[in-house]
Amino acid sequence: MKFFVDTADVDAIAELNDLGMVDGVTTNPSIIAKSGRNILEVTKEICDMVEGPVSAEVVATDADEMISEGRKLVEIADNIAVKVPLTWDGLKACKVLSGEGNMVNVTLCFSANQALLAAKAGATFISPFIGRLDDINLDGLELIEDIRTVYDNYGFETQILAASIRSANHMSECAKIGADVATAPPNVIKAMANHVLTDKGLAAFLEDAKKADIKIV
Ligand code: G3P
């Protein structure tokens with residue numbers, strides 16, 4: 001499973017990128033607003049840092065305007081994926097922008113039907129939002145499973161990009177289901193390293209090393 005980082009925090013991206021943990025980056029208008037930076041500038045900086053796809057989202061709602069915004073966004077760098085919402089206009093924009101050879105990430109997906117439409121409109125990525133479904137007592141992971149089944153039934157090449165990930169558990173469950181990509185905030189990716197038995201075991205090893213005066217350098 002590829003790891004995308006769901007942030008516009010360039011320091012956090014750099015730290016994970018140095019460890020080989022960044023296969024791409026996703027942003028949305030809320031993430032850009034949080035960065036306090038100009039969308040074109042910060043997106044360019046991120047594109048220069050990472051080799052993989054960097055999703056930048058349109059803010060128009062009309063198909064023609066989304067297409068214009070998408071064409072402007074892809075001028076930033078070769079690794080831009082234009083992010084459009086899963087609306088009828090968004091699907092129209094997806095069809096045109098993907099037909100022009102651009103990567104398109106269709107976002108705000110909450111059903112297998114929506115994912116099916118995005119694949120038929122030529123989406124490179126479909127972004128089902130796990131956490132926001134869990135927030136309303138629905139099962140976000142079940143949606144990932146359903147989309148996996150639908151796409152595999154018909155050989156769609158659209159990549160399932162599990163989004164709105166809130167926990168390390170979401171990451172391992174997505175990997176077990178076979179999501180192609182998971183995008184998560186940096187703290188969630190770092191939390192994947194944590195285990196209480198690792199902490200306990202390390203404390204015991206260090207205690208024994210101290211008692212035996214073990215020194216390596
Ligand atoms: O980029 C989309 C997404 O990952 C949003 O996550 O936590 O705002 O639902 P969240």
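The structure we're discussing is the one just above.
Just so it is clear, the structure is predicted and the values come from calculations on it, not from any experiment.

Undergrad: Would you explain the overall build of the protein in this entry?
TA: A count of helical and extended segments in the protein gives 11 helices and 8 strands. Counting across all 217 residues of the protein, residues that qualify as buried make up 46%. Across the protein, the fraction of contacts at a sequence separation of at least 24, relative to all contacts at a separation of at least 6, is 57%.

Undergrad: Honestly, the nonpolar core in this entry has me stumped. Any pointers?
TA: Generally speaking, soluble globular proteins have nonpolar side chains that are buried together. Counting 59 residues, the largest nonpolar core has I46, V84, V106, I126 and I165 as its most contacted members. Broken down by element, the residue count for this core peaks at 6 residues, all from helix α8 (residues 140-154). If near-sequence neighbours (up to four positions away) are discounted, I126 is found in contact with L86, N105, V106, C109, A115, A118, I147, Y151, T158, Q159, I160 and L161. Membership of the second largest hydrophobic core comes to 5 residues, among which are F4, A81, L161 and V181.

Undergrad: Whenever I open this one, the packing of helix α6 (residues 112-120) against α8 confuses me. Can you help?
TA: The geometry of a pair of packed helices is captured by two quantities: the angle between their axes and the separation between those axes. Where α6 contacts α8, the two axes come as close as 9 Å, and the packing angle between them is 40°. It follows that α6 is oblique to α8 by the angle criterion. The handedness of the crossing between α6 and α8 is right-handed. Residue-level contacts link A112, A115, L116 and A119 of α6 to L143, D146, I147, V150 and Y151 of α8. Its residues assigned to classes, the contact of α6 with α8 shows 8 nonpolar, no polar and 1 charged.

Undergrad: Teacher, can you tell me more about α6 here?
TA: Working note: α-helix, 3.6 residues per turn, so residues spaced by three or four point in the same direction. For α6, the full list of buried residues reads A115, A118 and A119. The arc that holds every buried residue of α6, seen down its axis, measures 100°, which confines them to one face. Residues N113 and K120 are exposed on α6 and point more than 90 degrees away from its buried face. If you follow the buried residues of α6, they end up packed against α5 (88-99), β5 (103-109), β6 (125-128) and α8.

Undergrad: Just checking my understanding: could you explain the sheet that holds β6 for this structure?
TA: Taken together, the 8 strands give a closed barrel; going around it, the order is β1-β2-β3-β4-β5-β6-β7-β8, and neighbouring strands pair in parallel fashion. For this sheet the average axis-to-axis angle between neighbouring strands, irrespective of direction, equals 30°. For strand β1 (residues 2-6) and strand β8 (residues 181-184), the ladder comprises 4 bridges, and the chain directions are parallel. Across the sheet, residue F3 finds its bridge partner in β8, namely A182. In the packing of α6 onto the sheet, the strands contacted are β5 and β6, and the crossing angle to β5 comes to about 165°.

Undergrad: What is the right way to look at the environment of A182 in this model?
TA: Along the chain, A182 falls in strand β8. Between the C-alpha atom of A182 and that of V5, which follows or precedes it by 177 residues, the distance is 8.3 Å.

Undergrad: What should I look at first to understand the packing of aromatic side chains in this one?
TA: Aromatic ring pairs are reported here in terms of the distance separating the ring centres and the angle at which the planes meet. The final tally for this structure, using the stated rule, is 4 aromatic pairs. Residues F4 and F125 carry aromatic rings whose centres are separated by 5.7 Å and whose planes lie at 75° to one another, so their mutual orientation is edge-to-face. Here F125 lies in strand β6 and F4 lies in strand β1, a separation of 121 residues in the sequence. Exposure class is identical for F4 and F125. Each is buried. Ring centres 5.6 Å apart and planes at 65° place the aromatic pair F110 and F129 in the edge-to-face group. Of this pair, F110 sits in the loop between β5 and α6 while F129 is found in the loop between β6 and α7 (130-135), placing the two residues 19 residues apart along the sequence. Residue classification places F110 among the partly exposed residues on the basis of a relative accessible area of 32%. Chaining the aromatic ring pairs together yields one cluster made of Y151, Y154 and F156.

The rules we used
- Once a new chain begins, its residue numbering starts again from 1 and follows that chain's sequence as written.
- Local features in a predicted model are, by the rule used here, given only for residues with pLDDT of at least 70; side-chain atom pairs are given and counted only at 80 or more, and totals for whole chains, interfaces and linings are based on all residues.
- Calculated side-chain values reflect all of the structure's heavy atoms, with hydrogen atoms and water omitted.
- Counting from the N terminus, the helices are the DSSP runs of H or I reaching at least four residues and the strands are the DSSP runs of E reaching at least two.
- When a residue's accessible area, from a 1.4 Å probe over protein chains only, is under 20% of the maximum for its type it is buried; when over 50% it is exposed; and in between it is partly exposed.
- In what follows, residue pairs with any heavy atoms lying within 4.5 Å of each other are defined as contacts.
- Only buried Ala, Val, Leu, Ile, Met, Phe, Trp, Tyr and Cys residues count toward a nonpolar core, and they belong to the same one when joined by side-chain atoms within 4.5 Å.
- Here, axes are lines fitted to C-alpha atoms. For helices the fit covers the stretch in contact, and angles between N-to-C directions go from 0 to 180 degrees.
- Comment on the angle field: the value is read as roughly parallel under 35 degrees, roughly antiparallel over 145, roughly perpendicular from 65 to 115, and oblique elsewhere.
- When the near helix sits turned anticlockwise from the far one by under a right angle, the crossing is termed left-handed; a clockwise turn instead gives a right-handed crossing.
- In this classification, Asp, Glu, Lys and Arg are treated as charged, Ala, Val, Leu, Ile, Met, Phe, Trp, Tyr, Cys and Pro as nonpolar, and every other residue, Gly included, as polar.
- The reported arc concerns the directions from the helix axis to the C-beta atoms and nothing else.
- For two strands to be treated as a pair, DSSP must find at least two bridges joining them.
- Centres within 6.5 Å are what make two rings of Phe, Tyr or Trp a pair, Trp counting through its six-membered ring; a difference in plane orientation under 30 degrees is then read as stacked, over 60 as edge-to-face, and the rest as tilted.

All quantities given are derived from atomic positions and should not be read as evidence of function.
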